[in-house]
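Descriptive structure summary
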Amino acid sequence: MIRVVVVGAAGYIGGELLRLLIGHPEVEVVGAVSSRFPGKRVDGVHPNLRSATDLLFCSADDVGECDTVFLSTPHRAAMTQIDRWIGQSKQVIDLTGDFRLDDTEVYRRYYGTEHAAPHLLGGFVPGIPELHRESLAGADLVSVPGCMAVAGVLALYPLVARGLVEPDARLDARTGSSGSGATAGEANLHAERSGAMRVFAPTGHRHEAEISRHLGIPARMTATGVEAVRGVQTICHATLRPGVDTTAVRGAFREQYRDEPFVRLVAHRRGTFRYPEPKILLGSNYCDVGYAVDEEAGRLVTIAALDNLMKGGAGNAVQCLNIRMGWPEELGLSFPGLHPV
C-alpha cells in the first residue's frame, strides 16, 4: 500500500480522485486537502462517497510525508506550492495547467503571467500513457494534460506520426459545465448555461498550446460549452496527404491503439453510436476515437470523446500512477460507463 494525498480535494477533479483512490486496492488516502472545508467530512461535499469513507478534509499543514501527491488546485496555484509538495512526497502528479507546457514564453502567452517555477517545466513527464508510457514508468513528476488536449491529441496522433496528413490541425471542442470547476462563476449558473451552446474561446484556448506541443504541428482550436455536465467531444479537421485513403487511415488507428487498454476505435457504418459520443463514457476512463474520410476532397475528420473528469483528468492521473508503480494499468479503472443515462 502506498500513502497518497489529494490537494484541492473539494473540487470536481479532486472528488473523482478520491472516488478512484478510496477504492484502489493498492492505495491508502491519508490526506484530502481543502482550503475551504478543513475539518469537514469529505462526503458532505462529495455525497456519492457516503459510506465509502470517513475522511475529513484537512489543511496543507496537516499533511506529513507520503508517497504520492495529486495536485488539483486552481491554475497558477500549483507552481507556487510545488517545492513544498516535492519535499514531502516521492511523486507529484499535477492536474493543473501549471506544468503542461515546457516553454516559458508559450506559457506566458496562453496564461497571461510569468511562470513561478520555470526551472521545473522540463522536469514533468506528460501524463499521456499512450505517448509516454516508458517515461512515465520512472517519472516522479507528472503533468496530466487538459481534457480537450487529451482528446485532440489521441484523435490526431496516429495520423500525424505517420505523415498521413498535412501539418495543420484545426479542432472544434465541446465541453460540459463540470470543465469549469466547482467554483465557476455566473456564466455557469443553471439559468445561464441551460439550453446554451456558448463559444467561450473562439481562438487561443490553453489546450491549443498543449496539442501543438504533443503533435509537433500548429494547432488551432475553438471551444464551446454545451448543456451537458460531463463530457468532451473534439472534432478535428485535417487534409490528407496525396495518395492517402480510408484504408491507410483505418490502419493507422488500428496499429496505434490495438494494445491500448483505454482507447477504443469506433468504426461503425451505421447506428446511433457510430461516432464517439461522450454520453456513454461518463464515469469511465475510456477515450473513443473515430473518423470520416472524404477521399475525393482529400478531407479527413477525426472525432474523440471522453469524460473530462476521468480520461480527461482523474482517471488519466490514476492510470499514470499505475504505470509508475508497475501495477496493471486498468487497476481501479475498470468501470465501463453507463447506458442509458
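Computed from a predicted model, the values in this text were never measured in an experiment. All residue numbers here refer to positions counted from 1 along the written sequence of the relevant chain. Per-residue local features of the predicted model are confined to residues with pLDDT of at least 70, and side-chain atom pairs are confined, for both listing and counting, to 80 or more; whole-chain, interface and lining totals are unaffected and use all residues. As a convention, hydrogens and water are excluded, and side-chain values are obtained from all of the structure's heavy atoms.

**A word on unusual backbone geometry**
Here the amide bond leading from His339 into Pro340 is cis, since omega sits at 0 degrees, within 30 degrees of zero. To qualify as a helix, a DSSP run of H or I must reach at least 4 residues; to qualify as a strand, a run of E must reach at least 2; elements of each kind are numbered from the N terminus. Here Pro340 shows up in the segment after α10 (314-325). Phi is positive for Ser51, close to 70 degrees, though the residue is something other than glycine. Residue class for Ser51 comes out exposed when judged on its relative accessible area of 80%. Each residue gets one of three labels from its accessible area relative to the maximum for its type: buried under 20%, exposed over 50%, partly exposed in between, using a 1.4 Å probe on protein chains only.

**Considerations on the packing of aromatic side chains**
What counts as a ring pair is set by centres within 6.5 Å for rings of Phe, Tyr and Trp (its six-membered ring), and what kind of pair is set by the plane angle: stacked under 30 degrees, edge-to-face over 60, tilted for all other angles. According to the stated counting rule, one finds six aromatic pairs in the structure shown. Their ring planes at 15 degrees and their centres at 4.2 Å tell us that Phe99 and Phe124 sit as a pair that is stacked. Here the residue Phe99 occupies a position in the loop between β4 (89-94) and α4 (104-111), and Phe124 occupies one in the loop between α4 and β5 (125-126), the gap between them amounting to 25 residues. With respect to burial, Phe99 and Phe124 carry one shared label: buried. Arranged with centres 5.7 Å apart and planes meeting at 5 degrees, the rings of Phe253 and Tyr291 form a pair that is stacked. With Phe253 in helix α9 (residues 246-257) and Tyr291 in strand β12 (residues 287-294), the pair connects residues that are 38 residues apart, well separated along the chain. For the pair Phe253 and Tyr291, one class covers both residues: buried. Among the aromatic residues, ring-to-ring pairing joins Phe253, Tyr257 and Tyr291 into one connected group. Lysine and arginine charges are scored as sitting over a ring when NZ or CZ, respectively, is within 6 Å of the ring centre and within 35 degrees of the ring normal. Its guanidinium or amino end placed over the ring of Trp85, Arg84 lies 5.3 Å from that ring's centre, counting from NZ or CZ. The aromatic ring of Tyr286 is capped on one face by Arg264, whose charged end is 4.2 Å from the ring centroid.

**Here we look at the packing of helix α6 (residues 147-161) against α9**
Note on definitions: angles span 0 to 180 degrees between N-to-C directions of axes, and those axes are lines fitted to C-alpha atoms, for helices only across the stretch in contact. Contact pair α6 / α9: the axes reach a minimum separation of 8 Å and the direction vectors enclose 110 degrees. Our classification of the angle between α6 and α9 gives roughly perpendicular. As α6 packs across α9, the resulting crossing turns out to be right-handed. Seen from α6, the contacting residues are Val153, Leu154, Ala155, Tyr157, Pro158 and Leu159; seen from α9, they are Val249, Ala252, Phe253, Gln256 and Tyr257. Lys, Arg, Asp and Glu make up the charged group, whereas Ala, Val, Leu, Ile, Met, Phe, Trp, Tyr, Cys and Pro make up the nonpolar group; the residues left over, Gly among them, are polar. Looking at side-chain class alone, the contact of α6 with α9 contains ten nonpolar, one polar and no charged residues. The scheme is simple: roughly parallel for angles under 35 degrees, roughly antiparallel for over 145, roughly perpendicular for 65 to 115, oblique for anything else. What makes a crossing left-handed is the near helix being turned counterclockwise from the far one by less than a right angle; a clockwise turn instead makes it right-handed. Any pair of residues with heavy atoms lying within 4.5 Å of one another is described as a contacting pair.

**What to know about the side chain of Ser284**
Looking at the element boundaries, Ser284 is found in the loop between β11 (263-265) and β12. With a relative accessible area of 0%, Ser284 lands in the buried category. Not counting residues up to four positions away in its chain, the partners in contact with Ser284 are Asp307, Met310, Lys311, Phe335, Pro336 and Gly337.

**Remarks on a nonpolar patch on the surface**
A contiguous nonpolar patch, built from Phe335, Leu338 and Val341 and spanning about 260 Å² of accessible area, is present on the exposed surface. For Val341, the location among the structural elements is in the segment after α10. The residues that make up patches have over 30% relative accessible area and no salt bridge, and they are joined within 9 Å when like-charged or within 5 Å when they are Val, Leu, Ile, Met, Phe, Trp or Tyr. For the accessible areas, the method is Shrake-Rupley and the probe is 1.4 Å, while residue cover comes only from the protein chains on display. Any Lys or Arg side-chain nitrogen found within 4 Å of a carboxyl oxygen on Asp or Glu counts as a salt bridge.

**Looking at α9**
Taking 1.5 Å as the rise per residue, α9 with twelve residues should run 16 Å; its terminal C-alpha atoms sit 17 Å apart, in good agreement. Those residues of α9 that fall on the buried side of the exposure criterion are Val249, Ala252, Phe253, Gln256 and Tyr257. All buried residues of α9 lie within an arc of 95 degrees about the axis, which places them on one face of the element. At its buried positions, α9 is contacted by α5 (129-136), α6, β11, β12 and β13 (299-306). Every helix has an expected span of 1.5 Å times one less than the residues it contains. The arc in question is the one spanned by the directions pointing from the helix axis to the C-beta atoms.

**Concerning the sheet that holds strand β1 (residues 2-7)**
Sheets are built from strands that pair by backbone hydrogen bonding, the pairs being arranged parallel or antiparallel. Pairing between two strands requires that DSSP report at least two bridges joining them. In spatial order, the strands read β2-β1-β3-β4-β6-β5; together these six strands make up an open sheet with parallel pairing. Strand pairing shows two members of the sheet lacking a second neighbour, β2 (27-33) and β5, which therefore form its edges. Bridging between β1 and strand β3 (residues 66-71) involves four bridges; their strand directions are parallel. Directly across from Val7, in β3, lies its bridge partner Leu71. Docked against the sheet, α10 engages β1, β2, β3, β4 and β6 (141-143), running at close to 145 degrees with respect to β4.

**Considering α6**
With 15 residues, α6 extends 21 Å from end C-alpha to end C-alpha; this agrees with the ideal 21 Å at 1.5 Å per step. The buried count for α6 comes to 13 of 15 residues, which makes it a mostly enclosed element. The first or second residue beyond α6 is Gly163, which carries a positive phi of 65 degrees.

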